Amino acid sequence: MLENFVFDGLPMRVIFGDGTLARLPEEVERLGPKRVLVLCTPEQREQASQVAALLGGLSVGIFDQATMHTPVSVTEAALAVVRDGKVDGVVSVGGGSTIGLGKAIALRTDLPQVAVPTTYAGSEMTPIIGETKDGEKTTQRTRRVLPETTVYDVALTLTLPPAISATSGMNAIAHAVEALYAEERNPIISLMAEAAIAALARALPAIIDDAQDRSARREALYGAWLCGVALGSVGMALHHKLCHVLGGSFDLPHAPTHTVVLPHAVAYNTPGAPEAMARVASALGAKDAAGGLYDLAKRLGAPVALSAIGMKEADLDRAVTLAAAKPYPNPRPVAADPLRRLLHNAYFGIRPEAGGA
Ligand code: NAD
C-alpha cells in the first residue's frame, strides 16, 4: 500500500554524459561568476589545469590543496586566495574531498559552485558538509553548501583506478541501501535508490574487467548520481553511523570501510526492513541483500574484512561502545551484543547470513 510520505526535493541542475566538460564555460556563465577558482587535490592538478584552460578568462587560478575530511586549516588557506583574487565562484574538479572544500567555501561566502565529480562518492548532490578541526569531525546539513550545478562527464572517470572505482561504487551503493529503509523514505527516492543499486551492480564488475569500458563507466556514474541524491534527501542509519565511528575514531579509509561494513549492516537490519532488503536483493539480482553485497565486493576484488584495512581486533569493543552510544533511527534496535557479532564478522570477513548478524 502507498503510505503517507513527505518528499522534500533538492534543487539541482545536472549536465550528464560523455564529453560534457565542454559545456562547463557556458554553465559557469549561466550562473554569473566572472572570476572562478578551480579546486582540486594535488594528485588531480593536471585535470584541474585542463579545466582552467577550458574556462580561459573566466578562471583566475587553481587551488590544489583539497584533502580528505575537509580540514578547516585548508579551507582558511583557500579563503585567503578567494579574497585576494576577488573570486566570485568555484569549480570543484574531483571526488568528495575536493567537493567538500568547495562546500566549505560556499558555507562561509555563499559563492556559487559548479561541481565536476570524478568519483562515485556523491557529495555534489548533498546539502551535507563534514569538516575537521583539531582532530574532531563535525557534520551539518544546510542547503547553502549544495552546488548549484553539477557537470558529470564520464570521460573524467576513466582515470579512476579500478580498485578505487570498486570501493567508491560500494560507498555509493551504501547510500542507496540505507535510503530504502530510512525513517524519511519516500517512493520517489526509493525508485532512484533501487535503480542506482542495479546500475552500479551491473557496471562495477565490467569496470573491473576493463577500466576503459565507457558504457559501464556511464552507467556507474549515473548510478552514483542517484545514490548521491538518496544520501542528500533522507537520513542514514546504522551502516553510516558505524562507518563514521570506524573512520573517525580508528582512522580507517572512508570508501573501503563502507565496502567492508555494508553487507554486515544489511544482515543486521534485514529482520527490521524485509521489504527494503527484498528490493536491494532484486536490484543486485541476488537471493538475499547481505550475501549479494558481500559477493559483489568479492567479485570486485575489494576488501571484505576490517582486519585487511587497518582495524585492530583489540579496538572492536570500543567501536561497539561508540556505535551504540547515541540513539539514532534504525529499522532494528541497536544493541551491544548483536553489534559485537556484526563487527566480529566484518573484522574477519565472514560472509553474512541472511536474517541477522
Ligand atoms: P577523494 O575525493 O578523497 O579522492 C580519492 C583520491 O582519488 C584522491 O587522491 C583523488 O585526487 C583521486 N581521484 C579522484 N578522482 C580521480 C580520477 N577520476 N582519476 C584519478 N584519480 C582520481 O575520495 P572520495 O571517496 O570521492 O571522497 C571521500 C571524501 O568525501 C570523504 O572525506 C567523505 O567524508 C566525503 N564525502 C562527503 C559526502 C557529503 O555528502 N558531504 C558524501 C560522500 C563523501
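Here the structure is a predicted model, which means the values were calculated and not measured.

Below, the discussion takes up the site of the ligand. Taken together, 21 residues form the shell around the ligand, and within it Thr-41, Ser-97, Thr-118, Thr-119 and Thr-126 come nearest. Note that a nitrogen atom of the ligand is positioned 2.9 Å from one of the backbone N or O atoms of Leu-156. Here a nitrogen atom of the ligand sits 2.8 Å away from a polar atom, N or O, in the side chain of Thr-159.

Here we have six strands laid out as an open sheet, ordered 1-8-5-4-2-3, and parallel in their pairing. The sheet is open, and its two edges are formed by strand 1 (13-17) and strand 3 (59-63), each paired on a single side. Sheet twist, expressed as the average angle between the axes of neighbouring strands with direction ignored, equals 15°. Sitting on the sheet, helix 1 (residues 24-31) touches strand 1, strand 2 (36-39), strand 4 (89-94), strand 5 (113-117) and strand 8 (149-153), and the angle it makes with strand 5 is about 155°. Strands in contact with helix 8 (residues 214-233) are strand 1 and strand 8; relative to strand 1, the strand with the most contacts, it is inclined by about 165°.

Take the pattern of salt bridges next. On inspection of all chains with the given rule, the structure shows 13 salt bridges. Put simply, Arg-202 and Glu-219 hold a salt bridge, and the shortest N to O gap is 2.6 Å. Residue Arg-202 is found in helix 7 (residues 187-209), and its partner Glu-219 is found in helix 8; the two are separated by 17 residues along the sequence. Overall, Arg-202 belongs to the exposed group, its relative accessible area being 51%.

Once the domains are mapped, the protein chain shows domain 1 (13-157) and domain 2 (162-348). Just the C-alpha atoms count here: the centres of domain 1 and domain 2 sit 26 Å apart. Both faces combined, the contact of domain 1 with domain 2 buries some 1,900 Å², and carbon together with sulfur accounts for 65% of it. By the criterion of area lost to domain 2, the three top residues of domain 1 are Phe-16, Tyr-120 and Val-154, representing 36% of everything that side buries. Scanning the region where domain 1 abuts domain 2 turns up one salt bridge. Asp-18 is paired through a salt bridge with Arg-214; the nearest N and O atoms lie 2.8 Å apart. Here domain 1 is connected to domain 2 by seven residue pairs in polar contact (both at pLDDT 80 or more). Taken together, the elements giving at least two residues each to the side of domain 1 that touches domain 2 come down to strand 1, strand 7 (136-141), strand 8 and helix 5 (154-157). Of the residues in the side of domain 1 that touches domain 2, the class split is eleven nonpolar, six polar and four charged.

Before going further, it helps to examine the nonpolar core. Membership of the largest hydrophobic core comes to 55 residues, with the highest contact counts inside it found for Tyr-120, Ile-173, Val-177, Ile-197, Val-266, Val-280 and Leu-293. The set of elements that each furnish at least two residues to this core consists of helix 6 (162-180), helix 7, helix 8, helix 10 (254-269), helix 11 (274-284) and helix 12 (289-299). For this core, the leading source of residues is helix 7, giving ten residues. Looking at which domains feed residues into this core, each of domain 1 (13-157) and domain 2 (162-348) supplies at least three. What Ile-173 contacts, discounting residues up to four positions off in sequence, is Ile-197, Leu-200, Leu-204, Cys-227, Leu-262, Leu-293 and Leu-296. Formed by 23 residues, the second largest nonpolar core is a distinct cluster that contains Ala-265, Tyr-268, Leu-306 and Leu-339.

Rules used throughout
- Residues numbered from 1 in each chain as written.
- Predicted model: local features only at pLDDT ≥ 70, side-chain atom pairs only at ≥ 80, totals over all residues.
- Heavy atoms only, no water.
- Near = heavy atom within 4 Å.
- Polar contact = N/O pair within 3.5 Å; in protein donor to acceptor, adjacent residues only side chain to side chain.
- Pairing = 2+ DSSP bridges.
- Helix = DSSP H or I, 4+ residues; strand = E, 2+ residues; numbered from the N terminus.
- Axes fitted to C-alpha atoms, helices over the stretch in contact; angles between N-to-C directions.
- Contact = heavy atoms within 4.5 Å.
- Salt bridge = Lys/Arg side-chain N within 4 Å of Asp/Glu carboxyl O.
- Buried < 20%, exposed > 50% of the residue type's maximum accessible area, 1.4 Å probe, protein only.
- Domains from an automatic or database assignment.
- Buried area = accessible area lost by both parts, 1.4 Å probe.
- Nonpolar A, V, L, I, M, F, W, Y, C, P; charged D, E, K, R; others polar.
- Core = buried A, V, L, I, M, F, W, Y, C linked by side-chain atoms within 4.5 Å.

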